[in-house]
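Residue-level listing of the chains:
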Amino acid sequence: MNTQNKRLVVLAGQPNSGKSTVFNALTGASQHVANYPGVTVDKMLGWYRHNGTRVEVVDLPGTYSLTSYSPEERVSRDFILHEKPSVVVNVMDAANLKRCLYLTFQLLEMDIPVILNLNMMDVAERRKIEIDINRLEKKLGVHVVPTTMKSGRGKKELLDVIAAVSGERSPVKAARIDYGKMEPFFREIAERISSEAILAKKISLRWLTIKLMEGDAEAQRLIRENHPEADTFIWFVEKLRSDFEVRYDEMPEMHIANRRYQVADEISRACIRSRAGLKASLSDQIDRFVCHRFLGPLLLVGVIWLLYYLSIVQGYNITNYTWPLLAKLRSFAETLTPKPGFIEIPLMRSFVLWFVDSINALLNYIPIFFILFGLIALLEDSGYMPRMAFIMDRLFSRFGLHGQSTLPMVLGGIYVGGCAVPGVMSCKGIPDERSRLATILIIPLLNCLAKVPLYVLLINIYFAMHKAWAMFFISTISLLFVLPVAKILTLTVLKNKETAPFVMEMPPYHMPTLRGILGRAVERVWLFLRKITTIVAAVAVVIFVLLQFPGLSDERMIHYNGEKEKALKTFFTKIKDTSYLDQLQGEKLISLILYWDEYKSAKMGTKGREAMTALNVEFEARDPVFFKIVQPGKDKTAKKVNRAFMNLSKARKGLLRQMRMERIDKSFLGKMGKWLEPVTRAAGFNWRVNVALLSALAAKESSVATLGALYEQEESGEALEQRMARGETGFTSLHALALMLFMVLYPPCLATAISVKLQAGSIKWMLFSMIYPMVLGLAVAILVYSGGKALDLTGFQAMSVFYGLALTLTVLMGFLKNKSEYEKERR
Amino acid sequence: MTLDQMRPGNECLIKKIAIRNKLGQRLLDMGVYPGLRLKVIRNAPLEDPMEVELDGYFVSLRHEEARFVEVELP
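Residues numbered from 1 in each chain as written. Chains lettered and ligands numbered in written order. Predicted model: local features only at pLDDT ≥ 70, side-chain atom pairs only at ≥ 80, totals over all residues.

### A word on the overall build of chain B
Helix and strand content of chain B: two helices and five strands. Relative to the 2.2 N^0.38 estimate, which gives 11 Å for 74 residues, the radius of gyration of chain B is 11 Å and therefore close to what a compact globule would have. By principal-axis analysis of the C-alpha atoms, chain B measures approximately 30 × 25 × 25 Å. Considering only residue pairs separated by 6 or more positions, chain B has 57% of its internal contacts joining residues 24 or more positions apart. (Helix = DSSP H or I, 4+ residues; strand = E, 2+ residues; numbered from the N terminus. Rg over C-alpha atoms; globule rule 2.2 N^0.38 Å. Contact = placed C-beta atoms within 7 Å.)

As structure tokens, then:
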């Protein structure tokens, strides 16, 4: 590889410095997201071409510092250390020079070429902050490029400087901080390391000594891996550290940070002239309302409501327009598959339709997701998110969660109708590993959209008297599950997970750009499609196999064929005297059946007298003989044939239904449902319910669809509600309650499970997120059903009692204190 | 005195960060360092966390974290 022509530029900077704007401006559309190995931090990659040279760009996560305490800082640091970029562009907020320099010094200490990019100059100018660029360059010994990347100002200059600096071969002569009284300590460490040439060659000696003096764990690890006498050496460093602390009564890391701030202060004083008086900033004015004791929470509820309304309600309305497109896709796929026979449905046909249905169920959510992702981007860019965390942290931290768990929970469905996929995906921002995992694990217990059809079905049948209350119960009960469960998880399985301090910046509010928001919405929808759809497709295949096979035995097929022959014989006997007999032989009969099916469904979708006439004309033109049979009018013979044919059609439908029932019954999934019945009986689930629940593993919408198939209609027109109520005599409101509660605690759908894997970073957590809700759900269902039965409660009574219990438990859990993280460190 | 005892509106001088490791480093990295003036802006609606202003920017932190920031009135 020719290093002259291959250049790697790294963007580093503090959060809210406009780093991603710079990244977008540099790379345009040629960027993609990857992952740093071993952590769930996104790696933004891109490239551009400048004067014929291809330049790779990596946008490091925004960090305030480069310690080894957070994964973002670790990956940023390791990337710079090990990938040796041609140049690091340190993007900073021009209006906040002093604090940004704190990070700059750490970059300079790594001995890599650094360019300072003073971004958001427009803001600084508006605030009347004047920066002496030349002086700053001289003081720091690096190039300084002022830009306003939002409008593209300074982009050309930045590109030129990047090209110039990354082409240079001369060593960097950047300013270095004099750590004063600590310098002798550095020298002692440096002498010891430089005798071990291996280390000194790999990374900057200065950087390593400073990090060792800071007590940095990763620096110590580097020593352990490379130094022949690591233990003695680290012991030596520890001794130096404690010597320093004893002598100057200051922790070494404190001294180092202090010096950085002091020098930053000196430099910014020397280079900045601010003509503005200190007046309350606009952001602070806004926060007087946004974070107000009463208005703040009220506004938060309003924002959440708007988020739901725009994405779920309005997004759902849009699906009314997009669904027909997906339905067309299905019909198109249908035309490609082999035609069905009298009772023989080709496997290929059922497979293709099943597959398309599974994918369509997911694609149907795209409008909702698009709006949702756009709104999240809006919240993120505007700066409202930290305020949300600020308001909610007290409540959530009591349950082991984090202020920043608010948005994921809202998305997941804090009331009815969220979606766990974006919910889990938005957990990324939670800095505290323990809270983040807890949030990821509880999101699937919230009420996503797909759980709602089953609730509505059951409430309409069994809680018709108390519909509103039942709906309120089911909407809020999930929150009463989620909070105690989060608490229990953080006290048990997540006990030893890494935590992070809450301390966070409340950045100034910021006007988001339409381009930024749309761009991110598109990007996230695309990510969703790529990562999720492929897997759902794969699993659809598996469930199909489980539902179809082993299928009907030859014996049973012979039986059904006999039934078929019987039906056909009856039909032909009835029409033997008519002229139609000859016209319906062999293939012709099947064609008539398909013609009839098509006519029926076309009629269903047609409204109005004129449209109906047009439809009739069309079908008559297609086949006048068939039309005569399906619409006999006053013709006596035709009427007779029509009656016989209707009977035949009904007989066929009956046979197909029986076969389908038997196939599910005999299928692997059916067997599983029956096998589980002894366990689930205590929860009130029979095997049919089990099968429905099992099939919902792929996507929860399937539960109602499968129930629909299992309680298939004899006559069309009867709603599933009535069929279920009739088919399940002995199924009471208590059964329904247990089933609904199980649905609340139902394991995540596949799309969610994949997101869990992506966000939690391991298959182990994905499996855990699937198994624990199942166990919990079964336990709750058994408690409610068996308990309710023992106490002879109606479903509604059991509901009230259970709600009271859950509420009590939640409140008690809130009072149970997590042991303070810092207790042991308190002096 | 420690920062968690300050009320909204109070101004004070940071004297010492009395904790090591993650929290100590995080406070430093967020610009909470000895010698700096600080003003408590507000508490969250449920009293915790609190928001402070340091040198023109705003940081929020929980009271249990603020306990380790020793301050003195100017």
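### What about the environment of A:Asp265?
All names here are of chain A. Assignment of secondary structure puts Asp265 in helix H12 (residues 252–271). Judged by C-beta crowding, with 16 C-beta atoms within 10 Å, Asp265 ranks as partly exposed. Each C-alpha atom, one on Asp265 and one on Leu783, is 64 Å from the other, the two residues being 518 residues apart in sequence. (Buried ≥ 20, exposed ≤ 12 C-beta atoms within 10 Å, placed from the backbone.)

### So, the confidence of the model for chain A
Taken as a whole, chain A shows an average pLDDT of 84; of its residues, 92% reach a score of 70 or greater. Overall, residues 713–717 of chain A carries pLDDT values under 50, and its contacts beyond four positions in sequence, including any with other chains, amount to two contacts. (pLDDT = per-residue confidence, 0-100.)

### Things to note about the domain arrangement of chain A
Taken as a whole, chain A is organised into domain 1 (6–167), domain 2 (180–248), domain 3 (299–334 + 346–491), domain 4 (554–663) and domain 5 (665–815). Distance from the C-alpha centre of domain 1 of chain A to the C-alpha centre of domain 5 of chain A: 52 Å. (Domains from an automatic or database assignment.)

### Comments concerning the pairing of strand E2 (residues 37–43) of chain B
Residue and element names in this part refer to chain B. In terms of strand pairing, strand E1 (residues 11–17) meets E2 through three bridges, oriented antiparallel. Directly across from Glu11, in E2, lies its bridge partner Lys39. Here E2 hands over to strand E3 (residues 50–54) after six residues, with Glu47 in that stretch at a positive phi of 75°. (Pairing = 2+ DSSP bridges.)

### Re unusual backbone geometry
Residue A:Pro550 is reached from A:Phe549 by a cis peptide bond, and omega for that bond is 0°. Structurally, the position occupied by A:Pro550 is in the loop between helix H23 (514–548) and helix H24 (554–574). The omega angle of the peptide bond from B:Asp48 to B:Pro49 is -10°, so this bond is cis rather than trans. Tracing the backbone through its elements, the reader meets B:Pro49 in the loop between E2 and E3.

### Here we look at the nonpolar core
Within the largest apolar cluster, 212 residues are counted, with the highest numbers of intra-cluster contacts made by A:Val10, A:Ala738, A:Met740, A:Leu741 and B:Val59. Among the elements that make up this core, the one with the highest residue count is helix H22 (residues 467–491) of chain A (eleven residues). Beyond its immediate stretch of four places on either side in the chain, B:Val59 contacts A:Val503, A:Met504, A:Glu505, A:Met506, B:Met30, B:Gly31, B:Val32, B:Val52 and B:Leu54. In this structure, A:Ala567, A:Ile575, A:Leu592 and A:Ile629 belong to the second largest nonpolar core, which totals 13 residues. (Core = buried A, V, L, I, M, F, W, Y, C linked by C-beta atoms within 7 Å.)

### Thoughts on the environment of B:Leu13
Its location among the elements puts B:Leu13 in strand E1. Each residue touching B:Leu13, except ones within four places of it in the same chain, is listed here: B:Arg37, B:Val71, B:Glu72 and B:Pro74.

### Points about the pairing of strand E5 (residues 87–93) of chain A
Residue and element names in this part refer to chain A. Where burial is concerned, most of E5 is hidden: seven out of the seven residues are buried. Alternating positions in E5 separate into two faces, Val87, Val89, Val91 and Asp93 on one and Val88, Asn90 and Met92 on the other, with burial throughout. Where strand E1 (residues 6–13) lies against E5, five bridges are found, and the strand directions are parallel. Bridging from a neighbouring strand, Gly13 pairs with Val91 of E5. As paired elements, E5 and strand E6 (residues 114–119) share six bridges and run parallel to each other. Residue pairing for E6: Asp93 is matched across the bridge by Asn119. Remark: the E5/helix H3 (residues 97–108)/E6 crossover connection has right-handed handedness. (Right-handed = clockwise from strand over helix to strand, strands pointing away.)

### Here we look at the interface of chain B and chain A
Taken together, the 32 residues of chain B in the interface contact 32 residues of chain A. Residue assignment for the side of chain B that touches chain A shows that the elements contributing at least two residues are helix H1 (21–29), strand E4 (57–61) and helix H2 (63–66) of chain B. For the side of chain B that touches chain A, the leading source of residues is H1(B), giving seven residues. Partitioning the side of chain B that touches chain A into residue classes produces 18 nonpolar, three polar and eleven charged. (Nonpolar A, V, L, I, M, F, W, Y, C, P; charged D, E, K, R; others polar.)

### Overview of the sheet that holds E2(B)
Strand order in the open sheet formed by six strands is E10(A)-E4(B)-E3(B)-E2(B)-E1(B)-E5(B), with antiparallel pairing between adjacent strands. Every other strand in the sheet has two partners, leaving strand E10 (504–505) of chain A together with strand E5 (69–72) of chain B as the edge strands with one partner each. In the sheet, E1(B) pairs with E5(B) via four bridges, with the strands oriented antiparallel. Paired with B:Ile17 across the strands is B:Val69, a residue of E5(B).

### Side note on the environment of B:Asp55
All names here are of chain B. Inspection of the secondary structure assignment puts Asp55 in the loop between E3 and E4. Residue classification places Asp55 among the partly exposed positions, given that 13 C-beta atoms sit within 10 Å. Taking the C-alpha atoms as reference points, Asp55 and Phe68, 13 residues apart in sequence, are found 20 Å from one another. Leave out the neighbours within four places in its chain, and Asp55 touches Gly31 and Leu36.

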